[in-house]
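# Examining the three-dimensional arrangement
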Amino acid sequence: MDTAVTETIEQILKRQRDAFDCEPMPDHATRRDRLDRIGRLAKAHAAEWCDAISRDFGNRSRHETLQLEIAPLMASLRHARWHLRGWMRPERRSSSIEFLQIANRVEYQPLGVVGIMVPWNYPLLLALGPLVDVLAAGNRAMIKPSELLPESSALLKRLVERYFSLEEVAVVEGGVDVAAAFSALPFDHLLFTGSTAVGRKVMAAAAQNLTPVTLELGGKSPALIAPDYPVEEAARDIAFGKLMNAGQTCIAPDYVLVPREKLDALSQALLARFKSFYPRSGGTGDYSTLVGARALDRLTRGLDECRARGVSIVTSDIPVAAGGMQPALVLDPPADCLLMEEEIFGPVLPLVPYDTVEDALRFIRQRPRPLALYLFTRDNALERKALAETRSGNVTINGTLLHIAQNDLPFGGVGPSGMGFYHGFDGFKRFSHARGIARVRLFNPARLAMPPYGRIAALLARFMTRG
């Protein structure tokens, strides 16, 4: 990489850190103003965002950009603005009986400069969504957008420069080499959203500076349809979660576990939903294309492997623009095929039959912990059992994708699907330092335990070591 580029991003980091040192604890009005500017940057330029993202994708519905990026961003802003003053207040904490003379509290301090590495699939939401939490917590931010979406990245840089000073928020464009240099900067915190493989590299680079990281990765998020739940109802919600953004969503259902006797019914119900969502009379405008030729090649190889192994595959006849892919259902694929071992990230959905709920839960447990879990049941006992016996990031019950839009819930993965979480107050805390403060009020109880030790110290020790 050009040495000048490295020096430039290092200089930006220094300028932001110097600015933070001059304003280490921004007040409520300053933080609120920065949040308001994020809102104007997104909403006032919504048409530009829709056009730029669609051109980068090849085709992406304006409605999907509004519903999946701008709407949840504005919701998170409303939530943060409403609660910000309360989040900034010190929290009182209790003290044990032997320390009643100590008043405890926690104050949330900004960390400093936070790096945000943005994937290509949601270039607006995954750049500005974390920025809401970062700026609410009083930090500065540097953003590295994906080089795969040049128009969206250029628009982000241009608008950020219009609404923020370089010392507040900066956008750093560039390819893989710039991303590598970016992840190696000594940030006060680094947020990466992307694949597990790249997440490992980012974490290794950040470790050289002991930079704390939040990793939002992915994995194979399962949908489990319980025997009591109608497959036609489940099909509607699974089809929605799978085909939004043509399946290019980290929390999209990656495979479906369905009672064996309902496999064919689910397949037919899903195909019917695909056609109802994207009727041929509607043209290709509502269905997104895949980003990059490699994505189409990888999915095609996965389907070809399954066909060669005798697996039944059914495709849907919906209007698809150049660079797009017809939705495909893979019926009862082998567990060791590419489509069952790698995250799909496209409009291909394996349907895996099971004989008992215990078999289905065991199937989930035997695989890496996913970023999301979708459970379809009205049986409260089964719901409790499934939640107790599985581990994942967030869960939506009787729906898909909805958990990511809940601003008062933390969002994040576990194990190979990520570490750390943000959104709302959890994001505010994630990008803050929780500073514990103990204040002696009238009398310092430690004076009773100071040498020379005598009878009082012995009584105090006996009291403090009680069971």
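For the structure, check the block above.
The following refers to the structure shown.

## Topic: the packing of helix H13 (residues 357-365) against helix H14 (residues 380-389)
One can describe the packing of H13 onto H14 by two numbers: an axis separation of 10 Å at closest approach and a directional angle of 25 degrees. By the angle between their directions, the pair H13 and H14 is classed as roughly parallel. The chirality of how H13 crosses H14 is right-handed. Only Leu 382, Lys 385, Ala 386 and Glu 389 of H14 make contact with H13, whose side of the interface consists of Val 357, Glu 358, Leu 361 and Arg 365. Across the contact of H13 with H14, the residue classes break down as four nonpolar, no polar and four charged.

## Some thoughts on the layout of surface pockets
Space inside the largest pocket adds up to approximately 1600 Å³. Lining the largest pocket are 49 residues; nearest its centre among them are Trp 120, Gly 194, Ser 195, Thr 196 and Val 198. Of all the elements in the fold, those that place two or more residues in the lining of the largest pocket are helix H7 (176-183), strand S6 (189-193), helix H8 (196-207), helix H11 (293-308) and helix H12 (338-341). Element by element, the count of residues in the lining of the largest pocket is highest for H8, at seven residues. Considering only residue class, the lining of the largest pocket consists of 25 nonpolar, twelve polar and twelve charged. Looking at the second largest pocket, its volume works out to about 530 Å³. If you trace the second largest pocket, you find 29 residues lining it, with Leu 68, Pro 72, Leu 125, Ile 404 and Ala 405 closest to the centre. Looking at the lining of the second largest pocket, the elements that each hand over two or more residues are helix H4 (62-88) and helix H5 (125-136). If you tally residues by element for the lining of the second largest pocket, the top one is H4, at eight residues.

## A few points about the environment of Tyr 122
Tracing the backbone shows Tyr 122 in the loop between strand S3 (113-117) and H5. Note: C-alpha distance between Tyr 122 and His 28 (94 residues apart in sequence) is 29 Å. Tyr 122 has contacts with Arg 60, Leu 68, Glu 69, Ala 127, Met 244, Asn 245, Gln 248 and Thr 249, leaving out every residue within four places of it along the chain.

## Focus: the pattern of salt bridges
Considering all chains together, one arrives at 29 salt bridges under this definition. A salt bridge links Arg 280 to Asp 317, with the shortest nitrogen-to-oxygen separation between them at 2.8 Å. Of this pair, Arg 280 sits in the loop between helix H10 (263-277) and H11 while Asp 317 is found in the loop between strand S10 (312-315) and strand S11 (328-331), placing the two residues 37 residues apart along the sequence. A relative accessible area of 51% means that Arg 280 is categorised as exposed. Given a relative accessible area of 44%, Asp 317 falls into the partly exposed group. Salt bridges sharing common partners tie together Glu 23, Asp 33, Arg 34, Arg 37, Arg 140 and Glu 168.

Reading the values: the criteria
- Residues numbered from 1 in each chain as written.
- Predicted model: local features only at pLDDT ≥ 70, side-chain atom pairs only at ≥ 80, totals over all residues.
- Heavy atoms only, no water.
- Axes fitted to C-alpha atoms, helices over the stretch in contact; angles between N-to-C directions.
- Helix = DSSP H or I, 4+ residues; strand = E, 2+ residues; numbered from the N terminus.
- Parallel < 35°, antiparallel > 145°, perpendicular 65-115°, else oblique.
- Left-handed = near helix turned anticlockwise from the far one by under 90°.
- Contact = heavy atoms within 4.5 Å.
- Nonpolar A, V, L, I, M, F, W, Y, C, P; charged D, E, K, R; others polar.
- 1 Å grid on protein atoms, 1.4 Å probe; cavity = no way out; pocket = protein on both sides within 12 Å on 5 of 7 lines; lining within 4 Å.
- Points joined across faces, edges and corners; volume = space filled by probe spheres on them.
- Salt bridge = Lys/Arg side-chain N within 4 Å of Asp/Glu carboxyl O.
- Buried < 20%, exposed > 50% of the residue type's maximum accessible area, 1.4 Å probe, protein only.

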